[in-house]
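# Examination of the molecular architecture
One letter stands for each residue in the lines below.
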Amino acid sequence: DIDGRDEKVRLIGINTPETVDPRRKVECFGKESSARMKDLAEGKIVRLEYDESQDTRDAYNRILAYVYLEDGEMVNRKMVAEGYAYEYTYMKPYRYQREFRQLQTLARTSERGLWSSESCGGNKELQQ
């Protein structure tokens, strides 16, 4: 809710396995990623940080931002570090690209979340 309007926010630098595209099957670890995002941010007061290297909105009119929780933790960073999302660069490098890629490597080598051999082993195309 921004100034009384519901706004959708696209988190810069990350992507999660698909769960809502009607043209595609639910991807491996998608439900878990979606649940984690809701647990972290739904109904919470957050702070948005914009990135000068990116547009303010995407082609779907979603706000493009880094999302911070009240305790100062960045949701984008947390999702990658915990293995609920993977690093995603859309057209142009962004401010935290190097860090997110390092966090993804750590999550992958530690087999966290979608990188776990017990879930997807990093292959989000697998069906659960």
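As a reminder, the structure under discussion sits directly above these lines.
Here the structure is a predicted model, which is why all the values come from computation and not from measurement.

## Examining helix α1 (residues 30-41)
Three- or four-residue spacings in an α-helix give side chains the same orientation, since the helix completes a turn every 3.6 residues. Between its terminal C-alpha atoms α1 stretches 17 Å, which fits the 16 Å expected from 12 residues at 1.5 Å a residue. Taken together, the buried positions of α1 are Gly30, Ser33, Arg36 and Leu40. The buried residues of α1 occupy an angular sector of 125° when the element is viewed end-on, so they sit on one face. As for α1, its buried residues are in contact with α2 (75-81).

## Side note on the pairing of strand β4 (residues 63-68)
The buried count for β4 comes to six of six residues, which makes it a mostly enclosed element. Of the two faces of β4, the one holding Ile63, Ala65 and Val67 and the one holding Leu64, Tyr66 and Tyr68 are both buried throughout. Two strands pair when backbone bridges link them, and strand β1 (residues 9-11) and β4 are joined in this way by three bridges, in the parallel orientation. Bridged to Val9 within β4 is Ile63. Sheet topology note: the strand β3 (residues 47-49)/β4 ladder contains three bridges and is antiparallel. The residue bridging Arg47 from the neighbouring strand is Tyr68, located in β4.

## Some details on the packing of aromatic side chains
Considering all chains together, one arrives at five aromatic pairs under this definition. Note on Tyr66 and Tyr96: the rings are 4.7 Å apart at their centroids and 85° apart in plane angle, and the pair reads as edge-to-face. Taken together, the residues Tyr66 in strand β4 and Tyr96 in the loop between β5 (86-87) and α3 (97-109) connect sequence positions 30 residues apart. Overall, the relative accessible area of 0% leaves Tyr66 in the buried class. For Tyr96, a relative accessible area of 16% puts it in the buried group. Aromatic rings pair up to connect Tyr66, Tyr94, Tyr96 and Phe100 into one cluster. Above the plane of the ring of Tyr68 lies Arg47, whose end atom (NZ or CZ) is 4.1 Å from the centre.

What counts, and where the lines are drawn
- Residues numbered from 1 in each chain as written.
- Predicted model: local features only at pLDDT ≥ 70, side-chain atom pairs only at ≥ 80, totals over all residues.
- Heavy atoms only, no water.
- Helix = DSSP H or I, 4+ residues; strand = E, 2+ residues; numbered from the N terminus.
- Expected span 1.5 Å × (residues − 1).
- Buried < 20%, exposed > 50% of the residue type's maximum accessible area, 1.4 Å probe, protein only.
- Arc of directions from axis to C-beta.
- Contact = heavy atoms within 4.5 Å.
- Pairing = 2+ DSSP bridges.
- Phe/Tyr/Trp six-rings, centres within 6.5 Å; stacked < 30°, edge-to-face > 60°.
- Lys NZ or Arg CZ within 6 Å of the ring centre and 35° of its normal.

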